[in-house]
Each structure stands twice: as structure tokens, then as C-alpha cells.
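Observations on the model geometry
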Amino acid sequence: ERTKVTCWPCVVKRGKDSKENNKNYFANERTFIHWLNMAVTLGSISSALVAFGRSEDAAGIYTVSIEAQIMAGCLVITGSTFTIYAMNTFYWRLSHIKEHATVDDPIGPLVLAGVLVVALVTVMLEGIFKMNTDT
């Protein structure tokens, strides 16, 4: 006889499949946390760009350069994309774990890697453009 144990946000059954269900559930949670870690890292870099991309004029007013705003905006949008993807994938995998279905997502990480590459190339090109206009 199997008993149900509530494990937020899923219900895990005790029995011969419980060890595998728990393993898959916690692997899904770890993956979610890793994606969020990447999003937080991108947001932190974005904040640093805004903080270090500002300058003070003669009146003592700080302004942020347009290049820093573009770079920070690209990274914030990329980090938000990572967060939305992580949340959707977590719940999608959770529903598939409950049904004992496969939880592979071969397309999502490739798309996110492409988005990250585009954002980082944009940041790099903005930095090069700014260096060329400053000289």
C-alpha cells in the first residue's frame, strides 16, 4: 500500500518509485536555482555597468551614458528571459515528473545560449564603439 506525502509543490508517492521521484524533483529544483543564479549574475553586472557608467557634470549632477544604459538594458532583458524560462521549465518538468514522462528540453538551453551570446556581443560592440568615440 502506498501513502502520499506532500512535498511542495508536488505530491510524491512512497513506494518503489519514491526514490526516483524525489531524485528527479530535487534535480529539477537544482536546475531552477542554477538558472536563477545566472539571471542574478546578469542583473548584477547590469547594475555595475550603470554604477560605473555615470559621470558628474559641473553642476554636480550624475548622468549615465547612453552606452551604459544600452548595455545594462541588454543584460537586464537577458536576465529576465532566463528567469521566465527557468520558471516555465520548472513547472513544465514538475508536471512531467508527476506523470513519469521524460523531462528533456533540448531546444530551450540552445535558445538561451543564443540570447546570451547576442547580449554579450552587443555589450562588447558598445564598449568598442565607446572606446573609439572617446579617443
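A quick note: this is a predicted structure, and the numbers were derived from the prediction, not measured.

Quick notes on the overall build of the protein
The secondary structure content of the protein amounts to three helices and four strands. Going residue by residue from the N terminus, the α and β elements of the protein occur as β-β-α-β-β-α-α. Contacts spanning at least 24 positions in sequence make up 58% of the contacts within the protein whose residues lie at least 6 apart. Split by element, the accessible area of the protein, about 9,200 Å² in all, is 64% carbon and sulfur.

Focus on a nonpolar patch on the surface
On the surface, a cluster of nonpolar side chains totalling about 550 Å² of accessible area is made up of V117, V121, M124, L125, I128 and M131. Along the chain, the position of M131 falls in helix 3 (residues 108–134). The class of M131 is exposed, set by a relative accessible area of 54%.

Details of the packing of aromatic side chains
Inspection of the entire model under this criterion finds five aromatic pairs. With 5.1 Å between their ring centres and 75° between their planes, Y25 and F26 make a pair best called edge-to-face. For F26, a relative accessible area of 38% gives the class partly exposed. For the ring pair F32 and F90, a centre distance of 5.0 Å and an interplane angle of 40° mean the geometry is tilted. In this pair, F32 is assigned in helix 1 (residues 18–52) and F90 in helix 2 (residues 66–98), connecting sequence segments 58 residues apart.

Points about the side chain of H96
Tracing the backbone through its elements, the reader meets H96 in helix 2. Each residue touching H96, except ones within four places of it in the same chain, is listed here: A101, T102 and V103.

With respect to the nonpolar core
Counting residues in hydrophobic clusters, the biggest one holds ten residues: A39, L42, M71, L75, F82, Y85, L112, L116, A119 and V123. For this core, the elements supplying multiple residues, two or more each, are helix 1, helix 2 and helix 3. In this structure, Y85 is in contact with W35, D105, G108, P109 and L112, ignoring residues within four places of it in sequence.

Digging into the environment of N88
Topologically, N88 is positioned in helix 2. Given the relative accessible area of 47%, N88 is considered partly exposed. With 56 residues separating them along the chain, N88 and F32 place their C-alpha atoms 9.6 Å apart.

Criteria and cut-off values
- Residues numbered from 1 in each chain as written.
- Predicted model: local features only at pLDDT ≥ 70, side-chain atom pairs only at ≥ 80, totals over all residues.
- Heavy atoms only, no water.
- Helix = DSSP H or I, 4+ residues; strand = E, 2+ residues; numbered from the N terminus.
- Contact = heavy atoms within 4.5 Å.
- Areas by Shrake-Rupley, 256 points an atom, 1.4 Å probe, with all protein chains shown as cover.
- Patch = residues over 30% accessible without salt bridge, like charges linked within 9 Å, V, L, I, M, F, W, Y side chains within 5 Å.
- Salt bridge = Lys/Arg side-chain N within 4 Å of Asp/Glu carboxyl O.
- Buried < 20%, exposed > 50% of the residue type's maximum accessible area, 1.4 Å probe, protein only.
- Phe/Tyr/Trp six-rings, centres within 6.5 Å; stacked < 30°, edge-to-face > 60°.
- Core = buried A, V, L, I, M, F, W, Y, C linked by side-chain atoms within 4.5 Å.

Distances and angles like these do not, on their own, reveal function.
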